[in-house]
Amino acid sequence: MVTHMMYTRFEKARIIGARALQISYGAPVLVDYPDDMLDPIDIAMLEYAKGIIPITVVRNQ
């Protein structure tokens, strides 16, 4: 069973930062974005807002 995961602010920052680094190194962008949006962090934040970043968080319980 998969449930919607709530991320802490630290996990969110790490996810967006890791995805922005991938985008800056040429990874394909998974969302349509405006032509004037050039910053990889802004693009990663847009992907995060749409919930399509292919990164998972594993927590040790």
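Each chain carries its own residue numbering, running from 1 in the written order of its sequence. Only residues with pLDDT of at least 70 get local features here, since the model is predicted, and only at 80 or more are side-chain atom pairs given and counted; chain-wide, interface and lining totals rely on the full set of residues. Side-chain numbers come from the whole structure's heavy atoms, not from hydrogens or water.

1. Concerning the nonpolar core
Okay, step 1: In plain words, nonpolar cores are sets of buried Ala, Val, Leu, Ile, Met, Phe, Trp, Tyr and Cys residues tied together by side-chain atoms within 4.5 Å. Three exposure classes are used, based on accessible area relative to the maximum for each residue type with a 1.4 Å probe and protein chains only: buried under 20%, partly exposed in between, and exposed over 50%. I16, A20, I23, I43 and A44 form the largest nonpolar core, which has five residues in total.
Okay, step 2: Secondary structure counts use DSSP, requiring at least four H or I residues in a row for a helix and at least two E residues in a row for a strand, with both numbered from the N terminus. When residues in this core are grouped by element, the largest group, three residues, is from helix α1 (residues 9-24).
Okay, step 3: Apart from residues no more than four positions distant in its own chain, I43 is found in contact with I23, V29, Y33 and M37. In this analysis, two residues are considered to be in contact whenever any of their non-hydrogen atoms come within 4.5 Å of each other.

2. A short note on the packing of α1 against helix α2 (residues 40-50)
Okay, step 1: To get an axis, fit a line to the C-alpha atoms, keeping to the stretch in contact for a helix; angles then go from 0 to 180 degrees between the N-to-C directions. For the pair α1 and α2, interaxial distance at closest approach is 8 Å and the crossing angle is 125°. In terms of axis orientation, α1 runs oblique to α2. At the point where α1 passes α2, the crossing takes the right-handed sense. Contacts from K12, I15, I16, R19, A20, I23 and S24 in α1 reach P40, I41, I43, A44, M45, E47 and Y48 in α2.
Okay, step 2: Looking at the contact of α1 with α2 residue by residue, the classes come out as 10 nonpolar, one polar and three charged. When describing relative orientation, an angle under 35 degrees is termed roughly parallel and one over 145 degrees roughly antiparallel, while 65 to 115 degrees is termed roughly perpendicular and anything else oblique. Note on convention: near helix rotated counterclockwise from far helix by under a right angle means a left-handed crossing. Clockwise means right-handed. For this classification, Asp, Glu, Lys and Arg are treated as charged, while Ala, Val, Leu, Ile, Met, Phe, Trp, Tyr, Cys and Pro are nonpolar and the rest, including Gly, are polar.

3. Digging into the side chain of R19
Okay, step 1: Looking at where R19 falls in the secondary structure, it is placed in helix α1.
Okay, step 2: For R19, the residues in contact, after removing those within four places along its chain, are A27, P28, V29, L30, A44, E47, I53, P54 and I55.

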